[in-house]
Amino acid sequence: MPKDKARYLMGVGKPADLLTCIGMGIDQFDCVLPSRNARHGKVFTLDGGFYIKNTRFRGDDRPLDPAGDYSPVGHFSRAYVRHLWSSGEALGAHIMTLHNLAFYLYLSRQARLAILQDRYTTWSQQLLARMATEKWKRWAQEKTSP
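Residues numbered from 1 in each chain as written. Predicted model: local features only at pLDDT ≥ 70, side-chain atom pairs only at ≥ 80, totals over all residues. Heavy atoms only, no water.

Describing helix H1 (residues 15-23)
All buried positions along H1 are accounted for by Pro-15, Leu-18, Leu-19, Cys-21 and Ile-22. For H1, the angular spread of buried residues about the axis comes to 165°, placing them on one side. Immediately downstream of H1, the backbone of Gly-25 shows phi near 100°, a positive value. (Buried < 20%, exposed > 50% of the residue type's maximum accessible area, 1.4 Å probe, protein only. Helix = DSSP H or I, 4+ residues; strand = E, 2+ residues; numbered from the N terminus. Arc of directions from axis to C-beta.)

Quick word on the environment of Phe-103
Residue position: Phe-103 is located in helix H4 (residues 90-116). Along the backbone, Phe-103 and Asp-65 are 38 residues apart, and their C-alpha atoms lie at a distance of 9.2 Å.

Describing the environment of Ile-26
For Ile-26, the location among the structural elements is in the loop between H1 and strand S2 (28-30). For the pair formed by Ile-26 and Ala-6, sequence separation is 20 residues and the distance between their alpha carbons is 7.6 Å. In contact with Ile-26, not counting residues within four places along its chain, are Arg-7, Leu-9 and Cys-21. (Contact = heavy atoms within 4.5 Å.)

What to know about the nonpolar core
Counting 17 residues, the largest nonpolar core has Leu-19, Phe-103, Tyr-104, Leu-107, Tyr-120, Trp-123 and Leu-127 as its most contacted members. Top element by residues in this core is H4. It accounts for six residues. Sequence-distant contacts of Leu-127, that is, excluding residues within four places in its chain, are made with Leu-19, Leu-46 and Leu-107. Of all hydrophobic cores here, the second largest spans eleven residues; its members include Ala-38, Phe-57, Leu-84 and Ile-95. (Core = buried A, V, L, I, M, F, W, Y, C linked by side-chain atoms within 4.5 Å.)

Some thoughts on helix H3 (residues 78-86)
Three- or four-residue spacings in an α-helix give side chains the same orientation, since the helix completes a turn every 3.6 residues. The set of residues buried in H3 consists of Arg-78, Ala-79, Val-81, Arg-82 and Leu-84. The inward-facing, buried residues of H3 abut strand S4 (50-51) and H4. Directly beyond the C-terminal end of H3, a positive phi value near 80° is found at Gly-88.

Next comes the structure, spelled out in C-alpha cells:
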C-alpha cells in the first residue's frame, strides 16, 4: 500500500487488537465496542475490564479506572455509577460510554506519542503484557453484549 495513504480498519475494537493493528500500520479505526460495552455495563480500564452491575462495586468509592487520570468522568465513583445502572438511570450508561471512549482516546494518543518517539514496539509490548493478565483474558473472551 502507498505510504502516503491512510489505512482504515473497520470493526476492530478490543484494546489488544487495536494496539496490534496500529503496530501493523493501521491509521484509522471504526468500532462500536466502547459504546456497546458501556450500554451493557462493561467498563474498560488499564488493568482489565469489569461489569459495573456486580454487587462488589456497591460500596466501591474508587474511580472507574484508578490507574489512569484520562477520563472526563473520573470523579464519579464505581458505587455511584453502579447505583445509576441498577436504578435504570440512563446517566450510568452515558458516564460509562464517556469513560470507555476516553480510554480508547488515551490508548490512541499514547500510541501516537510512542510512534513519534520511536518506541512504539517497546511501549505496546509492555501494555499488551499488562493487558495479558488472566483478568483481561477472561474479560476479552466474553461476549460484547449479554
